[in-house]
Amino acid sequence: MKLLWAVSALLLSCWRANASTAGFIKSPLSRMKLINDSAELHCEVIGIPIPEVQWWFIEGEEPNETFTQLFDGARDDRVQINATYITHATSTIHLTSLTLEDSGTYECRASNDPDRNELKKTPKIKWIRSQANIIVIETPNIITEPPEVSNQTSAVLSCNLTESNLPIKGSHWMHNGKIIEDSKSSDPDPYTVLHLEKINHNSGGKYECVFLTDPVVQQTIEVKTLPHVAAYKHSEHGNEKDKGVMVCVSHGYPLPTDWTWFKEQDGTQKPIINGTSDKYEIKSTPNKTILTIADLSIENDIGDYICSGTNDLGTSTDKIYLRVRSRLAALWPFLGIVAEVIILVTIILIYEKRRKPDEVNDDDDSGSAPLKCNSTANHKDKNVRQRNSN
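Residues numbered from 1 in each chain as written. Predicted model: local features only at pLDDT ≥ 70, side-chain atom pairs only at ≥ 80, totals over all residues. Heavy atoms only, no water.

## A closer look at the state of the cysteines
One way to say it: the disulfide is the covalent bond shared by the sulfur atoms of two cysteines.
Item 1. Counted by the stated rule, this structure contains three disulfides.
Item 2. Here cysteine 43 engages in a disulfide with cysteine 108; their sulfurs sit 2.0 Å apart. Taking the sign of the S-S torsion, 55° for the link of cysteine 43 and cysteine 108, the bridge is right-handed. Taken together, the residues cysteine 43 in strand β3 (residues 39-48) and cysteine 108 in strand β8 (residues 104-111) connect sequence positions 65 residues apart. Here cysteine 43 and cysteine 108 have matching classes, each one buried.
Item 3. Between the sulfur atoms of cysteine 159 and its disulfide partner cysteine 209 the distance amounts to 2.0 Å. Looking along the S-S bond of the cysteine 159-cysteine 209 disulfide, the torsion reads about -85°, which is the left-handed sense. (Disulfide = S-S within 2.5 Å. Helix = DSSP H or I, 4+ residues; strand = E, 2+ residues; numbered from the N terminus. Buried < 20%, exposed > 50% of the residue type's maximum accessible area, 1.4 Å probe, protein only.)

And the structure:
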């Protein structure tokens, strides 16, 4: 038994030698936020073993303050807590859709004491704590002029920040989430203006005036235009019995809420209804629509197709011409090449056939001349022999 106690004491002393108390390497920072904004607090702790991290909310004033532990999903799922325990402990608390009741003190606690969560034992090492405040304030009033722009060719947008004591360090405008560089200003002016000289489908969208206060305040003005509908390709083609695909896209703000396809027949537009048969299939999103035609027919499917997009302000259309080729169309180039080869070979054979008799005649003439020469020489030879004999 004494040996067992000795071993236990040795192990405990070794653990204490290797253990180290928890310590913060990053503490949460206080935040000031507007109603309906989001806030985030972050802390990091080191220690051996790796400490556990908890988040608490403190209400009231000393000595009557109350502590409430926050868990992931608290406050109607507006609280999310993410923690990692790898080389050290990190923890982040996210609070969304802030209300005035979310204002208060938030505390990051950490401990690596094995008895830290025991209710019947007093932990040897106390929880270390680091606090930060989240202050939620009413959103300052921003008067916009005009509140909305609809189907205009030009406009002047303005924002006036009123009823606010927040210091202003400057302002700028944003278009669809991107800063308009020419609009940046460092003047502490609560009034800002943006001139839109020409409004089209590219300049439509959401414009935000942003005042550089702490926290930042901003207001939105919507600039609405007719939908701009454009065919991806104005001429499409497909092979007989195959599928034909036509695509139209849209730009501008707001995007179409309804897409329709038509086929021109005898000067009239016949609507194409999705799902009425296996012949047509229409797939649409706010910025694109796709018409697929199955089993293409030369007799029935060739012609003009019209895509139509509609939003709150009106309708725009574009046209696509569909060509349908015979399944044998791909063979015509090959057959043409074969025909050219056959004609070329035929010409070569005819030429060779006509050239051969001439070559034979030339060979006969060149072969007879030496024979005649030999005959004369033999005749002379004979005369010489006759004379010698005389």
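The discussion continues.
## Let's talk about the sheet that holds strand β26 (residues 314-325)
Item 1. The strand order β19-β26-β25-β21-β22 describes an open sheet built from five strands, whose pairing is mixed. For this open sheet the edge positions go to β19 (235-239) and β22 (268-272), each flanked by a neighbour on one side alone. For this sheet, the mean angle separating the axes of adjacent strands, direction not counted, is 35°. (Pairing = 2+ DSSP bridges. Axes fitted to C-alpha atoms, helices over the stretch in contact; angles between N-to-C directions.)

## Brief notes about the pattern of salt bridges
Item 1. Under the counting rule described, the total for this entry stands at 12 salt bridges.
Item 2. Between arginine 129 and glutamate 107 there is a salt bridge, with the nearest N and O atoms lying 3.8 Å from each other. Residue arginine 129 is found in strand β9 (residues 128-137), and its partner glutamate 107 is found in strand β8; the two are separated by 22 residues along the sequence.
Item 3. Its salt-bridge partner being lysine 233, residue glutamate 236 comes within 4.0 Å of it at the nearest N-O pair.
Item 4. By sharing partners, the salt bridges in this structure join Arg75, Arg78 and Asp102 into a single network. (Salt bridge = Lys/Arg side-chain N within 4 Å of Asp/Glu carboxyl O.)

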